[in-house]
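If you want the building blocks of each chain, they are given just below.
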Amino acid sequence: MKNAATKFINPCDIRAVANFYAAQLQLCCPHSPTSYPHARRVHAHMTTSGFKPRGHILNRLIDVYCKSSHLVFAHQLFDKIPQPDIVARTTMLTAYSASRKPDMALEIFNTTPLRMRDTVFYNAMITAHCHNDDGHAAIELFRGMRWEGFPPDNFTFTSVLSASALVADREAHCQQLHCAVVKSGTALVTSVVNALISVYVKCASSPLVSSSLLMGAARKLFDEMPVRDELTWTTIITGYVRNGDLDTARRVFEGMEEKLVVAWNAMISGYVHNGFVSEALEMFRRMNLSGIKLDEFTYTSVLSACASAGLFLFGKQVHAYILRMEGKLSRDFSLSVNNALITLYWKCGKVDEAHMIFNNMPVRDLVSWNVILSTYVNAGRINEGRSFFIEMPERNLLTWTVIISGMAQNGLGEEGLKLFNQMKLEGLKPCDYAFAGAISSCAVLAALEHGRQLHAQLVRLGFDSSLSAGNALITMYARCGVVEAAHCLFLTMPFVDSVSWNAMIAALGQHGHGAQALELFEQMLKEEILPDRITFLTILSACSHAGLVNQGRSYFNAMYGLYGIRPDEDHYARLIDLLCRAGKFSEAEDVIQRLPFEPGVPIWEALLGGCRIHGNVDLGVQAAERLLELRPQHDGTYILLSNMYADVGLWDDMAKIRKLMRDRGVKKEPGCSWVEVENKVHVFLVDDTAHPEVQAVYNYLEELGMKMRELGYVPDTKYALHDVGSDKKQHGLSTHSEKLAVVFGLLKLPRGATVRVFKNLRICGDCHNAFKFMSKVVERDIVVRDGKRFHHFRNGECSCGNYW
């Protein structure tokens with residue numbers, strides 16, 4: 001270029017020099033990859049030759065830099081212009097708008113004198129507000145534009161209508177905009193009418209309007225249009241889909257002479273999002289047979305349908321088709337389709353295959369990382385999920401929410417709360433879903449006070465109406481022993497779903513309020529909320545804990561008979577637990593013999609637990625033998641069988657079981673109980689000597705024991721599971737961890753405060769009896785949660801009615 005310029009240019013002919021540079025810059029096609037390097041060479045030549053460009057040359061350079069996404073150079077050049085003209089200002093404003101930098105666009109707009117502005121300049125700023133989803137600002141600017149006397153054109157109305165679609169939520173808004181379009185004389189311009197249809201369509205989704213009325217207005221505009229383009233058809237079809245009128249959307253679709261890819265995708269996506277998987281797949285087949293080129297939107301919708309319906313084989317066929325037909329994939333295509341494939345594989349239980357797809361992705365984005373993190377978290381492989389979380393190059397709010405909730409779901413409540421606090425320290429403001437994860441962590445830890453603090457933060461931040469957070473709070477209060485607070489929250493929630501009902505029914509059942517749980521279930525049915533598998537698990541558990549055998553049988557039979565839900569192993573296990581707790585072993589055995597599958601661990605555990613309660617040693621041994629075959633390293637089976645032998649005085653058999661445990665290297669999970677006092681958790685083991693205040697606990701326990709005996713309490717030595725003398729048995733009973741934790745709570749908590757103690761194993765029968773007397777002696781409520789349920793002791797009675 002330098003030689004050509006030297007040969008051509010007469011240094012005295014400034015106009016010729018300027019024309020030469022202008023011609024060179026005219027060669028820069030905006031979307032060509034060579035435009036930016038060529039413009040930089042021309043710019044450098046100007047600088048080294050001493051030429052000072054003006055006007056149209058500077059504007060052309062700025063335009064090339066902006067369209068080549070080199071805004072830094074464009075901004076530097078713009079700042080060096082003493083008085084940039086309206087063309088340069090509009091170019092910079094448009095570039096900032098396209099780059100989602102509305103503040104910088106607004107700065108240029110505000111510093112541009114009114115005398116320099118024109119309609120194009122206003123259009124650029126209105127578009128910038130649209131790109132920033134700030135519809136109100138765009139409309140205000142449009143009003144100001146008209147007030148200042150600038151005439152709107154087609155582009156103005158297209159932009160301002162696009163902005164209005166973001167905020168219009170009443171019929172009057174649509175009518176006002178429609179009138180403005182008619183008065184402006186642009187009512188026959190296709191782009192303007194498309195935008196107006198979009199306003200009607202989006203406003204139809206507002207709860208403040210009649211969707212059918214507004215969709216009728218949109219359809220009238222559509223029918224009267226002299227010319228329709230691709231956007232017209234897509235907008236009206238998408239509008240019907242978005243408002244749930246898939247039948248009308250289908251009729252409009254079938255009326256298209258040339259069915260566009262976007263329209264096909266809109267129909268398929270609509271069917272997927274509304275749960276009509278077979279219709280979505282039928283449309284996909286038709287689209288393919290019609291020879292329409294499938295794109296990433298088509299594939300992601302179909303893969304999403306397969307994932308939600310569990311159609312793994314069909315999804316795998318789609319995967320194979322993509323590999324065979326698509327060849328070299330673009331970046332956007334590869335990202336979206338591979339992300340959908342990962343979701344398909346993990347939702348169908350193919351976690352390792354999902355990981356393989358992730359590893360082979362040529363490019364990944366934050367969505368890819370979040371999907372693979374969700375894959376491992378939802379599969380219960382939390383350690384691998386944690387590793388992915390640590391490796392992630394970037395994280396967003398969804399990332400933190402997934403890992404926090406995952407920790408809670410996998411019983412790692414303390415880790416979940418630590419991550420929640422770490423997220424806040426890194427400057428992210430938690431959303432309601434993140435709060436739900438943290439509250440679930442409190443439920444795992446039974447950390448009531450911490451949960452209450454999170455509840456207060458929710459209210460302060462305005463998330464108290466959140467459904468996910470409300471459901472988490474119901475479970476948290478229930479699992480922390482405050483079922484009244486859970487019920488109050490349930491009654492005051494602005495909106496509840498099946499999860500809310502399930503959580504509340506489960507809470508009442510766990511706390512021994514079986515009759516109330518059944519009443520709530522019946523109320524749920526009256527509200528026309530269909531029960532699901534979880535609902536029946538909760539209601540069967542409630543019946544089991546309350547001894548409501550007839551009702552439990554009836555609900556079990558209704559599962560498939562009335563609601564078409566086939567019971568799985570967990571439902572059968574609840575039924576067998578219900579029957580065994582009531583001592584109906586013959587019926588339980590009959591259920592097991594008629595199972596439609598081979599009985600597994602949950603079935604035999606339920607049978608063994610019932611045998612332990614009623615001392616049915618023979619049947620209990622049979623159940624234990626099956627459990628030992630299925631799970632030889634699990635300590636619970638050995639302990640239940642050992643305790644059952646001890647209950648009936650078969651000490652030799654008990655010793656054999658203990659020896660078998662030692663020979664197989666099976667270690668018993670130590671029983672422990674804990675109580676929260678002044679935001680600190682105090683843990684006690686059986687015969688504890690480690691706690692710094694344990695001696696005061698023993699002294700007070702002895703004092704309480706004397707008063708309890710005066711009321712008729714007699715230690716039940718059958719729960720002392722050692723073959724020793726009566727005195728030693730009574731001493732052993734007095735050192736059980738739950739007694740120590742309750743007495744510590746009585747000593748340390750304020751007078752009249754409820755004592756809430758949590759135990760990892762089932763409560764001992766003698767302790768259960770002792771707490772009834774203790775609650776009467778101290779005139780305080782005592783709540784104990786063991787591994788199965790809650791017991792509320794008040795004035796010598798327990799909420800379980802001694803049925804546990």
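Residues numbered from 1 in each chain as written. Predicted model: local features only at pLDDT ≥ 70, side-chain atom pairs only at ≥ 80, totals over all residues. Heavy atoms only, no water.

### Describing the packing of aromatic side chains
Under the counting rule described, the total for this entry stands at 25 aromatic pairs. Ring geometry for Tyr122 versus Phe150: centroids 4.9 Å apart, planes at 45°, classification tilted. Here Tyr122, found in helix 8 (residues 119-131), pairs with Phe150, found in the loop between helix 9 (135-147) and helix 10 (154-167); they are 28 residues apart in sequence, far enough to count as distant. Of the two residues, Tyr122 and Phe150, both sit in the buried class. Taking 5.4 Å as the distance between ring centres and 55° as the angle between the ring planes, the aromatic pair formed by Phe684 and Phe744 counts as tilted. Here the residue Phe684 occupies a position in strand 2 (residues 680-685), and Phe744 occupies one in helix 42 (residues 737-748), the gap between them amounting to 60 residues. Classification of Phe684 as buried rests on a relative accessible area of 0%. In this arrangement the basic side chain of Arg117 is found over the ring face of Phe109, its NZ or CZ atom lying 4.3 Å from the centre. (Phe/Tyr/Trp six-rings, centres within 6.5 Å; stacked < 30°, edge-to-face > 60°. Helix = DSSP H or I, 4+ residues; strand = E, 2+ residues; numbered from the N terminus. Buried < 20%, exposed > 50% of the residue type's maximum accessible area, 1.4 Å probe, protein only. Lys NZ or Arg CZ within 6 Å of the ring centre and 35° of its normal.)

### Some remarks on helix 21 (residues 351-360)
Residues Val351, Ala354, Ile357 and Phe358 constitute the buried set of helix 21. Angular distribution of buried residues about the axis of helix 21 spans 120°; they occupy a single face of the element. Looking at helix 21, the residues exposed on the side facing more than 90 degrees away from the buried face are Met356 and Asn360. Looking at the packing, one finds that the buried side of helix 21 touches helix 19 (312-325), helix 20 (331-347), helix 22 (366-378) and helix 23 (382-391). (Arc of directions from axis to C-beta. Contact = heavy atoms within 4.5 Å.)

### A closer look at the confidence of the model for the chain
With 91% of its residues at a pLDDT of 70 or more, the chain shows a mean pLDDT of 86. Every residue in residues 1-9 is under pLDDT 50, and counting partners more than four places away or in other chains gives 13 contacts. (pLDDT = per-residue confidence, 0-100.)

### Side note on the pattern of salt bridges
Tallied over the full model, the rule gives 24 salt bridges. Here Glu254 makes a salt bridge to Arg250, at a shortest N to O gap of 2.9 Å. With Glu254 and Arg250 both in helix 15 (residues 246-254), this residue pair falls four residues apart, about one helical turn. By relative accessible area, which is 34% here, Glu254 ends up partly exposed. With a relative accessible area of 18%, Arg250 lands in the buried category. The closest approach of N and O atoms between Glu605 and Arg631, which form a salt bridge, is 2.3 Å. On the criterion of sequence distance, the pair formed by Glu605 in helix 36 (residues 601-614) and Arg631 in the loop between helix 37 (617-630) and helix 38 (635-647) is long-range, its members being 26 residues apart. Taking relative accessible area as the criterion, Glu605 reaches 34% and is therefore assigned partly exposed. Sharing partners across several salt bridges, the network here consists of Arg250, Glu254, Glu282 and Arg286. (Salt bridge = Lys/Arg side-chain N within 4 Å of Asp/Glu carboxyl O.)

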